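So you can see what is in the structure, the chains are spelled out below.
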Amino acid sequence: MSAETPAAAPGQFTHRRQQFRAWRGTRPFWAGLFVLLGGVPIMYFPYAHLQFGHLTLAMATTAGAGSLIIGVLLIVLGVSLWFQKHVRTFAGVAAILLALVSIPVSNFGGFVLGFLLSLIGGAMAVAWAPGATEQPEPAAEAAGDVPGAAPDKGDTAGYAPLPGQGADTVSTNDLSGTSPANGANGRHSAG
């Protein structure tokens, strides 16, 4: 390869990965994943039969149906966090409550593993906030403009005065009551 070799166009895998990354960034993805993964051990362990050599250990409890319901609800909440981000607060609080209920109902919350995953995922869902959209930077108007440089005081070419900036204009649109043009300082403008 030489320095003049053009860059290869991104392949299908790279394009799909970037699409997934953009999708993941607009929703509480990790919170949903933690809640979903927390539901699996809560749902699985009450019905599991563990084999230790020739010894079979049945984990079945009398609250097996409750464990199944809690596990399925946590999985549904995790998926709903992915596809319906507006329910994040409800789903997060519900996941935290279901994780707490799983401690006495489902083998100490799926041997504490499911409890911790659901609790952390629920807290992440409640704390998640959508990011602000990026605003494009305005382009420089003239080729000679230097970004960040202040214009000369005497040079007003290309710069329009701001509303109310001139010495002979009085702003009548200021409704705050604290404008120096009307002599008010805002202390007695509450009524």
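Participant: Sorry, what's going on with the overall build of the protein here?
Facilitator: In terms of helices and strands, the protein carries 6 helices and 2 strands. In sequence order, the secondary structure elements of the protein are arranged as α-α-β-β-α-α-α-α. For the protein, the proportion of its 191 residues judged to be buried stands at 25%. Taking all contacts inside the protein whose residues are at least 6 apart in sequence as the whole, residues at least 24 apart take part in 66%. Within the structure as shown, the protein displays about 13,900 Å² of accessible surface, and the carbon and sulfur contribution to it stands at 65%.

Participant: Explanation requested: the pairing of strand E2 (residues 55–58) in the structure shown.
Facilitator: For a regular strand, the rule is simple: side chains alternate between the two faces of the sheet. Two elements, strand E1 (residues 49–52) and E2, share 4 bridges in a ladder whose sense is antiparallel. Paired with phenylalanine 52 across the bridge in E2 is leucine 55.

Participant: What is the right way to look at helix H6 (residues 113–127) in this model?
Facilitator: Every α-helix carries 3.6 residues per turn, so stepping three or four residues along brings you back to the same face. For H6, spanning 15 residues, the distance from its first C-alpha to its last is 21 Å, which sits close to the expected 21 Å at 1.5 Å a residue. Where H6 is buried, its residues contact helix H2 (29–44), helix H3 (64–83), helix H4 (88–105) and helix H5 (107–111).

Participant: How should the packing of H2 against H6 be read in this particular structure?
Facilitator: The angle between the axes and the distance between the axes are what describe a pair of packed helices. Across the interface, H2 lies against H6 with an axial gap of 7 Å and an inter-helix angle of 155°. Taken together, the axis directions place H2 and H6 in an arrangement best described as roughly antiparallel. The handedness of the crossing between H2 and H6 is left-handed. Across the interface between the two elements, Trp30, Ala31, Phe34, Val35, Leu37, Gly38, Gly39, Pro41 and Ile42 of H2 pack against Leu113, Gly114, Phe115, Leu117, Ser118, Gly121, Gly122, Met124 and Ala125 of H6.

Analysis parameters
Residues numbered from 1 in each chain as written. Predicted model: local features only at pLDDT ≥ 70, side-chain atom pairs only at ≥ 80, totals over all residues. Heavy atoms only, no water. Helix = DSSP H or I, 4+ residues; strand = E, 2+ residues; numbered from the N terminus. Buried < 20%, exposed > 50% of the residue type's maximum accessible area, 1.4 Å probe, protein only. Contact = heavy atoms within 4.5 Å. Areas by Shrake-Rupley, 256 points an atom, 1.4 Å probe, with all protein chains shown as cover. Pairing = 2+ DSSP bridges. Expected span 1.5 Å × (residues − 1). Axes fitted to C-alpha atoms, helices over the stretch in contact; angles between N-to-C directions. Parallel < 35°, antiparallel > 145°, perpendicular 65-115°, else oblique. Left-handed = near helix turned anticlockwise from the far one by under 90°.

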